[in-house]
Amino acid sequence: MKRVAFVAVFALAVTALVSCAPASDNPSGNASDSATVVNIVASTNVYGSIAEAVAGPHATVTSIIDSPAQDPHAFEAGARVQLELSRADVVISNGGGYDDFVDTLMAGAANSGVQHISAVEASGFTAEQISQNEHVWYDLNTATTIATMLADALARIDPPHATEYHANAQKFSSSVSDLSERVAAIAREFGESTVMVTEPVPLYLLAAAGLTDVTPHELSKTIENGNGVPPAVMNASLTLLRSGNVSLFVYNEQTEGPETAQLLSAATKQGVPSLAVTETIPDALSYLAWMSANIQAIEKALQ
């Protein structure tokens, strides 16, 4: 998904919400006070889950988009989201055009002291790479970097718990390293495999697993942008699926439509294994459990 839509927020609505908000437990604004809990706001539950792992019991984490039942393409952020951002000590967003509503609403949130972590900036990918695929949470190295950056930010806000934050980040990073080893094992075993995707969402993970993306560029571009796939592009994609040269078909089930269904049907008839992915974490899973399940599904599909 290239962009998340937002609703313009009228200053009057925000002012009314803020005036009705309960007073802070810590009027001094000193987040390191023992009675204060750090407020973290994440654009999606992907980053919210990472925040929960690092912050532990010392923070409240609010994820703006928090369920696969929500279609990120149609998400609308309004005054309530801006209020959350105005109260945040730390904000974690994706960046790269994915969740522009965060920057837009923060501009009017009057929260100059907030520490803002951008996953795209943390990723180290080039502007060209991000223009092709901004879904950097499927890159395991980026998740580790975010955890480390968040621990540093929390330590600055809440020094008494700095050691705990850094220990939690290290524990998270160690678990991510275990996942990376599993991905490397897939690459060693199935490194000659090819994949077609409806959207570039999981491509960082699939590339780490050694799969070569053979998707017609115009196919994933038009589906991601919510545009109709040109008939010639659809025909070429169906022909490719039927050619026997695709090892795995992966689709984004959060934005599944008639064209995705047509491609999935062709893959099924051809005997091409298919795999559904999401942009946000399914209910009751953590980031680590979700990525573990994705990795297991990739391995199973290729066997």
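Quantities reported herein were computed from a predicted structural model and do not represent experimental measurements.

Asker: Quick rundown of the pairing of strand S5 (residues 194-197)? Include the residues and the values.
Answerer: Walk down a regular strand and you will see the side chains alternate between the two sheet faces. Covered by surrounding structure in S5 are Thr 194 and Met 196 together with Val 195 and Val 197, the residues of both alternating faces. Bridge count between S5 and strand S6 (residues 212-213): 2 bridges; the pairing is parallel. Directly across from Thr 194, in S6, lies its bridge partner Thr 212. What joins S5 to S6 is helix H9 (residues 203-208), and the crossover it makes is right-handed. Two elements, S5 and strand S7 (residues 248-252), share 3 bridges in a ladder whose sense is parallel. Each bridged residue has a counterpart across the sheet, and for Met 196 the counterpart in S7 is Phe 249.

Asker: So what about the packing of aromatic side chains? Which residues, and what values?
Answerer: Within this structure, the stated rule accounts for 8 aromatic pairs. Aromatic side chains Tyr 47 and Trp 137 sit 6.3 Å apart centroid to centroid with 90 degrees between the ring planes, which places their arrangement in the edge-to-face category. With a gap of 90 residues between them, Tyr 47 in helix H2 (residues 45-55) and Trp 137 in the loop between helix H6 (127-132) and helix H7 (140-157) connect regions that are remote in the sequence. Trp 137 carries the same exposure label as Tyr 47, and that label is buried. Joined through ring pairs, the aromatic side chains of Tyr 47, Tyr 98, Trp 137, Tyr 138, Phe 172, Tyr 287 and Trp 290 make up one cluster.

Asker: Now, about the pairing of strand S2 (residues 59-65): what can you tell me, with residues and values included?
Answerer: Summarising the sheet, strand S1 (residues 38-44) and S2 pair through 6 bridges and their orientation is parallel. Residue pairing in the sheet places Thr 44 in a bridge with Ile 65 of S2. For the crossover that starts at S1, traverses H2 and ends in the parallel S2, the hand is right-handed.

Asker: Mind laying out unusual backbone geometry, listing which residues take part and the relevant values?
Answerer: Unlike most non-glycine residues, Ala 110 shows phi in positive territory, near 55 degrees. Under the relative-accessibility criterion, Ala 110 is labelled exposed at 77%. In this structure, Ala 284 is a non-glycine residue whose phi angle is positive, near 75 degrees. Structurally, Ala 284 is set in the loop between strand S8 (274-277) and helix H13 (287-302). Given the relative accessible area of 84%, Ala 284 is considered exposed.

Asker: Quick rundown of the nonpolar core? Include the residues and the values.
Answerer: Residues Ile 40, Tyr 47 and Tyr 287 are the most contacted members of the largest nonpolar core, which totals 58 residues. If near-sequence neighbours (up to four positions away) are discounted, Tyr 47 is found in contact with Ala 42, Ile 92, Ser 93, Asn 94, Ala 119, Val 136, Trp 137 and Ile 146. In terms of nonpolar packing, the next biggest core, distinct from the first, is built from 16 residues, Leu 219, Tyr 251, Leu 263 and Val 272 among them.

Asker: Please set out the sheet that holds strand S4 (residues 115-118) residue by residue, giving values where relevant.
Answerer: Across the sheet, 4 strands lie side by side as S2-S1-S3-S4; this open sheet has parallel pairing. Every other strand in the sheet has two partners, leaving S2 and S4 as the edge strands with one partner each. On average, adjacent strands in this sheet sit at an angle of 15 degrees to one another, irrespective of strand direction. As judged from the 3 bridges shared by S1 and strand S3 (residues 90-93), these two strands associate in the parallel manner.

Asker: So what's going on with the layout of surface pockets? Residues and values would help.
Answerer: The calculated volume of the second largest pocket comes to roughly 250 Å³. If you go around the second largest pocket, you meet 14 residues; those closest to its centre are Ser 131, Gln 132, His 217, Lys 221 and Glu 224. Elements represented by at least two residues in the lining of the second largest pocket include exactly H6 and helix H10 (217-224). Per element, the largest residue contribution to the lining of the second largest pocket is 4 residues, and it comes from H10.

Analysis parameters
- Residues numbered from 1 in each chain as written.
- Predicted model: local features only at pLDDT ≥ 70, side-chain atom pairs only at ≥ 80, totals over all residues.
- Heavy atoms only, no water.
- Buried < 20%, exposed > 50% of the residue type's maximum accessible area, 1.4 Å probe, protein only.
- Helix = DSSP H or I, 4+ residues; strand = E, 2+ residues; numbered from the N terminus.
- Pairing = 2+ DSSP bridges.
- Right-handed = clockwise from strand over helix to strand, strands pointing away.
- Phe/Tyr/Trp six-rings, centres within 6.5 Å; stacked < 30°, edge-to-face > 60°.
- Core = buried A, V, L, I, M, F, W, Y, C linked by side-chain atoms within 4.5 Å.
- Contact = heavy atoms within 4.5 Å.
- Axes fitted to C-alpha atoms, helices over the stretch in contact; angles between N-to-C directions.
- 1 Å grid on protein atoms, 1.4 Å probe; cavity = no way out; pocket = protein on both sides within 12 Å on 5 of 7 lines; lining within 4 Å.
- Points joined across faces, edges and corners; volume = space filled by probe spheres on them.

No statement about biological role is implied by the geometric values presented.
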